[in-house]
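Chain and residue survey
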Protein chains: 2
Amino acid sequence: MGLMRSWVESANAADCPFPLNNLPCGVFSLGAEEPVCGVAIGAHVLDVAGLEHGGILALDGGPLLDVPFWNEVMGAGPGVWAALRARLIELLAEGSPHRAAVEPFLVPLAEVTLHMPFLVSEYTDFYAGRHHAFNVGTMFRGPENALPPNWLHIPIGYNGRASSVVVSGTEVRRPWGQVKAPDQAAPSFQPSRRFDIELEMGAVVGLPSESGQPVTVAEADAMIFGYVLLNDWSARDIQAWEYQPLGPFQAKATATTISPWIVTRAALEPFRTSTPPREVPLLPHLQEPGPMLYDIALEVGLTPEGGTETVIARTNYAEMYYSAAQQLAHHTTSGCAMNTGDLLGSGTISGPTKDSRGSLLEMSWGGKEPIAIAGGTRSFIEDNDTLVLRGAARGDGFTIGFGDCAGKVIPALADPYAR
Amino acid sequence: MGLMRSWVESANAADCPFPLNNLPCGVFSLGAEEPVCGVAIGAHVLDVAGLEHGGILALDGGPLLDVPFWNEVMGAGPGVWAALRARLIELLAEGSPHRAAVEPFLVPLAEVTLHMPFLVSEYTDFYAGRHHAFNVGTMFRGPENALPPNWLHIPIGYNGRASSVVVSGTEVRRPWGQVKAPDQAAPSFQPSRRFDIELEMGAVVGLPSESGQPVTVAEADAMIFGYVLLNDWSARDIQAWEYQPLGPFQAKATATTISPWIVTRAALEPFRTSTPPREVPLLPHLQEPGPMLYDIALEVGLTPEGGTETVIARTNYAEMYYSAAQQLAHHTTSGCAMNTGDLLGSGTISGPTKDSRGSLLEMSWGGKEPIAIAGGTRSFIEDNDTLVLRGAARGDGFTIGFGDCAGKVIPALADPYAR
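Residues numbered from 1 in each chain as written. Chains lettered and ligands numbered in written order. Predicted model: local features only at pLDDT ≥ 70, side-chain atom pairs only at ≥ 80, totals over all residues. Heavy atoms only, no water.

Here is the rule: UniProt positions are given in the numbering used here, feature names are shortened, and annotations may be inferred rather than shown by experiment.
Chain A is annotated in an unreviewed UniProt entry as fumarylacetoacetase from Gemmobacter aquaticus. As its UniProt record puts it under Pathway (unreviewed entry), chain A is described as follows: "Amino-acid degradation; L-phenylalanine degradation; acetoacetate and fumarate from L-phenylalanine: step 6/6."

The following block contains the structure:
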């Protein structure tokens, strides 16, 4: 499939992240107006809430867009998702007879503020990248224990904290936490010195599942509304001290930043790709019935305050060992109910080479091998660094983008208990 | 403080769990009517939603009770909580001039169905009982590694799954899951054979905290609206295979049952008690500014299908090493925002003796020493067993109860993927 041309001219450039093929879902505001649902097209946002209110867009069970989040559309299911996409293509395609009616609902992207695109019900983070698990396992437990015995059999995951999920652009304050270096006799409470990123994709659950009823991988895939870029900020020194025996807790609770746009599963269909070959066969209920990963090129940029950006990693979502559909199916095996708005982090996406690692922990090998950036080096994030994740699925003459997933790390509070 | 007498005569019995001193918050329905907020008093529920609607009860910022959950009251803060309690005492006290106006709003407890008392925002479970941590640690990692190095310094916790929290009386279906016994070459997918309870208390967060701003232990205590009984159902065989390195996931996601009544912090004030002496000093930000635990006697009953109940454990909430206020303060150290409706499980409450252990895993020492029950033995839960947690804070001539926290375990699905 090639570029689908739109009368919104800026959407037709091969490197535009928001062609008619994409139509990602976000929430925007203009000036002091209330946030509303929008869809990115070229250099514009289409005010779909306005279109629905104006009767140009009608959805079964609607209105679904009269709230500043996409959850109502997400929960309405695949029929509504397909109808919405078909109608937007009809309205925005080159030669559409609806251009005059629709054009007043376009707002320049440069003029809007973007907000959280959906209400996060619960957030689960996985650990499902082969290279990342091996790298981190080697650093935390040694190479002989790097990959836990269960790793090749189930997508290892843990529940994260939904209240910490923020949209791109939100500043992230360096956390305090309890840490203990191996050479310290007792722990201390201090600002994290090893604050890090995790380059991930997030799958957004649209259709809920029932309590007590596991779902198949194919059913899980059909429940996914779309994908976002996701940066699971991680305090490595807090994590090292707290994570045994019950997993990361405060190390991951400061913030998780997502891209402002949910790219729908429909937009990513042309980029489906299989997970890598299994090293050991999966049990039947976790096997892929078809390609469930996506070929999405990913990169991380780091910009010091007042400096220039260095791209510190380039990798691809196809590096994951488990797909989001497999993760979601595993998530329901115990009968756990999944809800509209649940967010599943893929796990850190590292490739096999040093320049394709998805965390500074891996890039600098625990701080022992600082990486070069424009004008300096980095082991971990320094105050006022801005980190940006970018993703692109590249088709024949078009690009599917997510918008930047960015966050600036601001200094820790001088005294967290000063009132 | 002694019994506060009410004109609701059944509330004045020394063993009644719902005297005027208590006034716990629940949600009930009568027949086919919609669920509404109620407060237990003696053998009755007081329809407080009706009282508010009728103008007999007025709350700042109200109406707050016109929804079938307590979250709006919980989020309104300590001023409203105190005003509500004071007004209810005024209305229900012996000799109250309001009796005639209030009496029509009493419904016999025996006639109502009880529902979830609040919407759970997020659920966090801790591992903060000294005896439980030592027992389980010994079984999973050997006595020399039983207590992790961090355990005496921070309340170890992990994020659980809010979608799995259900109210007392909800049947719990035995889960399937991936397991691997040490003598198996490869894992298998099967119904859990080691399904278990965890006897816990749950703290219900009323007041939210701000993102980026840790709270002190005293502030945390003031954020807590009340407490429930909590049974964190656990599949030990699934847990043993999955929990390294990132903690329990599907093993704890089948269900978590809570009591139908939230007992407010105010009702528990006379029962405050300090945590046990520290084995090593806590860092200042986690130290107790005053007694933050409660003297609440707890017990667990097990009833086989068609059989009689055996009380299999008796313990006390005061056995915890960390209080809910300490746990909540720790939860915010990284800047994690806490929300109205967040639920914090205390961790399993085991005492020092075998008959005071809060899980079958401990009682039967991993299944090696089955316990005796009326008409048989148990290592773990068998199909159609009903488990009931009960709690009581006993004052001078009165008792504060939570209502039963009960669940019957029904057989696993024959084939979880049959459609």
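So, next bit.
1. Section: the domain arrangement of chain A
All names here are of chain A. Our working definition: In this document the domain limits rely on a domain assignment from an automatic tool or a database. Using a 1.4 Å probe, buried area is obtained as the accessible area two parts lose upon being combined, added over both of them. Here, a salt bridge means any side-chain nitrogen of Lys or Arg that lies within 4 Å of a carboxyl oxygen of Asp or Glu. For the purposes of these results, a polar contact is taken to be a pair of N or O atoms within 3.5 Å, where, inside protein, one atom must be able to donate a hydrogen and its partner to accept one; residues adjacent in sequence count only when each atom of the pair is a side-chain atom. Counting from the N terminus, the helices are DSSP H or I runs at least four residues long and the strands are E runs at least two residues long. Note that Gly is not counted as nonpolar here; it falls among the polar residues with everything else outside the nonpolar set of Ala, Val, Leu, Ile, Met, Phe, Trp, Tyr, Cys and Pro and the charged set of Asp, Glu, Lys and Arg.
You can read the domains of chain A as domain 1 (9-115) and domain 2 (123-410). For domain 1 and domain 2, the distance between their C-alpha centroids amounts to 28 Å. Counting each side, the surface lost to burial between domain 1 and domain 2 is near 1900 Å², with a carbon and sulfur contribution of 70%. In terms of surface lost to domain 2, no three residues of domain 1 exceed Cys25, Met74 and Trp81, which account for 28% of the buried area on that side. For the pair domain 1 and domain 2, the interface holds zero salt bridges. Counting across the domain 1 and domain 2 interface gives four residue pairs in polar contact (both at pLDDT 80 or more). Contributing elements (two or more residues each) for the side of domain 1 that touches domain 2: strand E1 (25-30), strand E2 (36-41), helix H2 (71-76), helix H3 (78-92) and strand E5 (112-115). Looking at which element gives the most residues to the side of domain 1 that touches domain 2, the answer is H2, with four residues. A breakdown of the residues in the side of domain 1 that touches domain 2 according to their chemical character gives 18 nonpolar, eight polar and two charged.

2. Focus on the relation of the copies chain B and chain A
Here two copies of a chain appear, and what relates them is a rotation about an axis with a shift along it. Just so we agree on the cut-off: For this overlay, a least-squares fit was computed on C-alpha atoms, restricted to residues scoring pLDDT of at least 70 in both copies. Should any heavy atoms of two residues lie within 4.5 Å, those residues are counted as being in contact.
Mapping chain B onto chain A calls for a rotation angle of 180 degrees and an axial translation of 0.0 Å; the resulting RMSD is 0.0 Å. Such a combination of turn and shift is consistent with a two-fold rotation axis. Minimal C-alpha distance to the rotation axis in chain B is attained by Gly247(B), lying at 2.2 Å. A shared interface surface links the copies, since 100% of the contact residues of chain B are contact residues in chain A too.

3. What to know about the interface of chain B and chain A
Residue-level contacts link 61 residues of chain B with 61 residues of chain A. Of all residues in chain B, the largest losses of buried area upon contact with chain A belong to Arg161(B), Leu246(B) and Phe249(B), amounting jointly to 15% of the total for that side. The tally of links from chain B across to chain A stands at six salt bridges. Of the charged contacts, one joins Arg161(A) and Glu122(B) as a salt bridge, the two residues approaching to 3.5 Å between their closest N and O atoms. Inspection of the region where chain B meets chain A yields 32 residue pairs in polar contact (both at pLDDT 80 or more). Those elements that place two or more of their residues in the side of chain B that touches chain A are strand E6 (123-126), strand E7 (157-159), strand E10 (176-179), strand E11 (188-191), helix H7 (236-242) and helix H9 (324-331) of chain B. Examining the composition of the side of chain B that touches chain A, we find that three residues originate from one element, E7(B), more than from any other.

4. As for the packing of aromatic side chains
Selection rule: For this analysis, a ring pair means two rings from Phe, Tyr or Trp (six-membered ring only for Trp) whose centres lie within 6.5 Å, classed as stacked if their planes differ by under 30 degrees, edge-to-face if by over 60, and tilted for the remaining angles. Exposure classes here rest on a 1.4 Å probe applied to the protein chains alone. A residue is buried below 20% of its type maximum, exposed above 50%, and partly exposed in between. Here, a charge over a ring means that NZ of Lys or CZ of Arg falls within 6 Å of the ring centre while also lying within 35 degrees of the ring normal.
The final tally for this structure, using the stated rule, is 24 aromatic pairs over all chains. For the pair Trp151(B) and Tyr321(B), a centre-to-centre distance of 5.3 Å together with 45 degrees between the ring planes defines the contact as tilted. Of the two residues, Trp151(B) sits in the loop between helix H5 (130-141) and E7 while Tyr321(B) sits in the loop between strand E21 (310-316) and H9, which places them 170 residues apart along the sequence. As far as burial versus exposure is concerned, Trp151(B) and Tyr321(B) are alike and both buried. By way of ring pairs, the aromatic residues Trp151(A), Tyr321(A) and Tyr322(A) are connected into one cluster. The ring of Tyr321(A) carries Arg278(A) above its face, with NZ or CZ at 3.7 Å from the centroid. The ring of Tyr322(A) is capped by Arg278(A), whose NZ or CZ atom sits 5.6 Å from the centre of that ring.

5. A few points about the sheet that holds E1(A)
Residues and elements named next belong to chain A. Keep this limit in mind: Two strands pair under a simple rule: DSSP has to find at least two bridges between them. For every element, the axis is a line fit to its C-alpha atoms; helices are fit only across the contacting stretch, and the angle between N-to-C directions ranges from 0 to 180 degrees.
Taking strand neighbours across the sheet as the criterion, the five strands line up as E4-E3-E2-E1-E5 in an open arrangement whose pairing is antiparallel. Each of the sheet's edge strands pairs with one partner strand only, and the pair in question is strand E4 (106-108) and E5. Within the sheet, the average angular offset between the axes of one strand and its neighbour, ignoring direction, is 50 degrees. When E1 meets E2, the two strands line up antiparallel, connected through four bridges. Among the inter-strand pairings, cysteine 25 is bridged to a residue of E2, identified as valine 39.

6. Points about the environment of Lys368(A)
Tracing the backbone through its elements, the reader meets Lys368(A) in the loop between helix H10 (360-363) and strand E23 (371-373). For the pair formed by Lys368(A) and Leu387(A), sequence separation is 19 residues and the distance between their alpha carbons is 21 Å.

7. As for the UniProt feature "binding site: substrate" (unreviewed entry) in chain A
Annotation from UniProt places "binding site: substrate" (unreviewed entry) at Tyr127(A), Arg141(A), Gln239(A), Tyr243(A) and Thr348(A). Mapped onto the elements of the fold, Arg141(A) is located in helix H5 (residues 130-141). Owing to a relative accessible area of 22%, Arg141(A) belongs among the partly exposed residues under this scheme. Setting aside anything within four residues of it in sequence, one finds Arg141(A) in contact with Tyr127(A), Ala146(A), Pro148(A), Tyr243(A) and Pro245(B). You can see Gln239(A) is positioned in helix H7 (residues 236-242). Ignoring anything within four residues of it in the chain, the contact list for Gln239(A) reads Phe140(A), Ser234(A), Pro248(A), Ala251(A) and Lys252(A).

8. Remarks on the pattern of salt bridges
Inspection of the entire model under this criterion finds 46 salt bridges over all chains. Between Arg272(A) and Asp221(A) there is a salt bridge, with the nearest N and O atoms lying 2.8 Å from each other. You can see Arg272(A) sitting in strand E18 (residues 272-273) and its partner Asp221(A) sitting in helix H6 (residues 217-223), a full 51 residues away along the chain. The shortest N-O distance in the salt bridge between Lys252(B) and Glu198(B) comes to 2.9 Å. Taken together, the residues span a long stretch of sequence, with Lys252(B) in the loop between H7 and strand E16 (256-258) and Glu198(B) in the loop between strand E12 (195-196) and strand E13 (199-205) at a distance of 54 residues. Residue Lys252(B) is classed as buried on the basis of its relative accessible area, which comes to 7%. Through salt bridges with shared partners, a single network forms among Asp196(A), Glu198(A), Asp232(A), Arg236(A) and Lys252(A).

9. Focus: H5(A)
As a reminder of what qualifies: An expected span of 1.5 Å times one less than the residue number is assigned to each helix.
For H5(A), spanning twelve residues, the distance from its first C-alpha to its last is 16 Å, which sits close to the expected 16 Å at 1.5 Å a residue. Contacts from the buried residues of H5(A) go to H10 of chain A.

10. Digging into the state of the cysteines
What counts here: The rule for a disulfide is simple: a pair of cysteine sulfur atoms within 2.5 Å.
For the structure on display, the rule yields zero disulfides over all chains. Here Cys37(A) stays free of any disulfide, with the sulfur of Cys25(A) as its closest cysteine sulfur at 8.0 Å.

11. Digging into the sheet that holds strand E4 (residues 106-108) of chain B
Residues and elements named next belong to chain B. The five strands lie next to each other as E4-E3-E2-E1-E5, forming an open sheet whose pairing is antiparallel. Each end of this open sheet is capped by a strand with a single partner; those strands are E4 and strand E5 (112-115). This sheet shows a mean twist of 50 degrees between the axes of neighbouring strands, independent of strand direction. As judged from the four bridges shared by strand E1 (residues 25-30) and E5, these two strands associate in the antiparallel manner. Paired with phenylalanine 28 across the two strands is leucine 114, which belongs to E5.

12. Notes on the environment of Asp385(B)
All names here are of chain B. Tracing the chain through its elements places aspartate 385 in the loop between strand E24 (376-378) and strand E25 (386-395). Taking the relative accessible area as the measure of exposure, aspartate 385 reaches 1% and is therefore buried. Setting aside chain neighbours within four positions, we find aspartate 385 in contact with Leu302, Thr303, Pro304, Arg378, Gly407, Lys408 and Val409. Of note is the side chain of aspartate 385, whose polar atom sits 2.9 Å from the backbone nitrogen of glutamate 382.

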